[in-house]
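# Tertiary structure, described
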Amino acid sequence: MQSPILVETVAAVTDILGADLDDIAVERAVIGLFFTGVKLTTGHAGACATPIKSIPEAVCCPSSAMAMPFPGKMKGKPAREMMREAFSDHGIRRGVGIATVNALAELCWERRPHPLFELRHGVDAFDANSFRPGDQTVVVGAFVPFLKELKRRKQSFLVLEKDPDTLKAEELPFYRPAEMAREVVPQADVLLVTGTTLLNDTLEDLLSWAKPEARVTVVGPTVGLMPNAFLARGADILGGVKITQPDEFLDLLAEGGSGYHFFGRVAEKVVLSRRSADEAAKAA
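Residues numbered from 1 in each chain as written. Predicted model: local features only at pLDDT ≥ 70, side-chain atom pairs only at ≥ 80, totals over all residues. Heavy atoms only, no water.

### Some details on the overall build of the protein chain
Counting its regular elements, the protein chain contains 11 helices and 11 strands. For the protein chain, whose C-alpha radius of gyration is 18 Å, the value lies close to the compact-globule estimate of 19 Å for 284 residues. With respect to the three principal axes, the spread of C-alpha positions in the protein chain is 55 × 50 × 35 Å. Evaluated residue by residue, the protein chain yields a buried proportion of 52% over its 284 residues. For the protein chain, the exposed area adds up to about 13200 Å²; of that, 54% sits on carbon and sulfur atoms. (Helix = DSSP H or I, 4+ residues; strand = E, 2+ residues; numbered from the N terminus. Rg over C-alpha atoms; globule rule 2.2 N^0.38 Å. Buried < 20%, exposed > 50% of the residue type's maximum accessible area, 1.4 Å probe, protein only. Areas by Shrake-Rupley, 256 points an atom, 1.4 Å probe, with all protein chains shown as cover.)

### Side note on the side chain of Asn102
Looking at the element boundaries, Asn102 is found in helix H4 (residues 91–111). Under the relative-accessibility criterion, Asn102 is labelled buried at 10%. Contacts of Asn102, omitting those with residues within four sequence positions, involve Gly46, Ala47, Pro221, Thr222, Val223 and Gly224. (Contact = heavy atoms within 4.5 Å.)

### Digging into the sheet that holds strand S9 (residues 215–219)
As summarised here, the arrangement of the eight strands in space is S4-S11-S10-S9-S8-S5-S6-S7, forming an open sheet in which the pairing is mixed. The outermost strands of the open sheet, each flanked by one partner alone, are strand S4 (117–121) and strand S7 (175–177). Ignoring strand direction, the axes of neighbouring strands in this sheet form an average angle of 20°. The sheet contact formed by S9 and strand S10 (residues 237–243) spans three bridges and is parallel. Residue Val218 lies in a different strand from S10, and its bridge partner there is Leu238. (Pairing = 2+ DSSP bridges. Axes fitted to C-alpha atoms, helices over the stretch in contact; angles between N-to-C directions.)

### What about the packing of helix H1 (residues 4–17) against H4?
It is the contact of H1 with H4, at a shortest axis distance of 10 Å, that shows an interaxial angle of 45°. Classified by the angle their axes make, H1 and H4 are oblique. As H1 runs across H4, the sense of the crossing is left-handed. Judged by residue contacts, Leu6, Thr9, Val10, Val13, Ile16 and Leu17 of H1 engage Arg94, Ile98, Val101, Leu104, Leu107, Cys108 and Arg111 from H4. Looking at the contact of H1 with H4 residue by residue, the classes come out as 10 nonpolar, one polar and two charged. (Parallel < 35°, antiparallel > 145°, perpendicular 65-115°, else oblique. Left-handed = near helix turned anticlockwise from the far one by under 90°. Nonpolar A, V, L, I, M, F, W, Y, C, P; charged D, E, K, R; others polar.)

### Some thoughts on the sheet that holds strand S1 (residues 26–31)
Across the sheet, which stays open at both edges, the three strands sit in the order S1-S2-S3 with antiparallel pairing between neighbours. Only two strands of the sheet have a single neighbouring strand rather than two, namely S1 and strand S3 (45–49). The sheet shows a mean angle of 10° between the axes of neighbouring strands, direction not considered. In this sheet, strand S2 (residues 35–40) lies alongside S1 in antiparallel orientation, the contact comprising five bridges. Bridged to Val30 within S2 is Gly37. Strand contacts of helix H9 (residues 246–254): S1, S2 and S3, with the helix running at about 150° to S2, the strand carrying the most contacts.

### Remarks on the nonpolar core
Residues Leu17, Leu104, Leu191, Phe230, Phe249 and Phe262 are the most contacted members of the largest nonpolar core, which totals 72 residues. Per-element accounting of this core gives the leading share, 10 residues, to H4. Beyond its immediate sequence surroundings of up to four residues, Leu104 is in contact with Val13, Leu17, Leu21, Ile24, Leu40, Ala79 and Met83. With 18 residues, the next largest nonpolar core counts Ala125, Leu147, Leu150 and Leu167 among its residues. (Core = buried A, V, L, I, M, F, W, Y, C linked by side-chain atoms within 4.5 Å.)

### Quick notes on the pattern of salt bridges
Pairing of side chains with opposite charge becomes possible as their charged atoms draw close. Scanning the model with the defined rule gives 20 salt bridges in all. The partner of Arg215 in a salt bridge is Asp135, with the nearest N and O atoms 2.6 Å apart. Of this pair, Arg215 sits in strand S9 while Asp135 sits in the loop between S4 and strand S5 (137–140), and the two are 80 residues apart along the sequence. Like Arg215, the residue Asp135 is buried in the burial classification. (Salt bridge = Lys/Arg side-chain N within 4 Å of Asp/Glu carboxyl O.)

Given below as structure tokens:
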């Protein structure tokens, strides 16, 4: 089943760029250990988490090779065509497609910023949230910086995660299996969701299970600057990445780099936060 968020985002990109999309191609693509990156001929770049576990047995065999998107053939590929890989059944191909969508989304934001969202540079998505005494926070995915800060603030939280081995011993009391999401997510006053849920088609359900008054954040380099589909499903804050030096960024990914290596050097954190009604009216 195709992700409605991705379907709507691709449609929005296609609408905003129009015929100009036909002139945009992939200049370079890197499938790194932690993140996949794509640079376009426009100079814009996008990223996506690399779903490394989706490669069958992660060994060099025909079944694994099928998961890889056109080695040696991605440079010069039309962005419109590469963007469609976001709907692939193969995780690695899908990652390349989403990275391409996110690169195009940055160009779209330059041309048509969303009046209901404010783009803030150099801001961490966690800091963009407000936490009230007694709030229950639910974190979807073992997002280490968020868990560390929640513990520091002594904020009540639960973490939904597929692999409990990603958690520290002192975090295990707050661990809930991912299969309990439908029961746990409605408990959240603050819901923090990793953008990698776009890769496994769980994001729409997670957002639909949040109670209406919950403050919802979707975060990670997999999240691009096209908030329309997220906004329609109740997200208040999107935390993504602005790649400031695309070539150096891709070099880092090619050498196994992660956020610890590229943030503050060749990329910066950005936040799209929902404006108030008055602010939106002024920005329109």
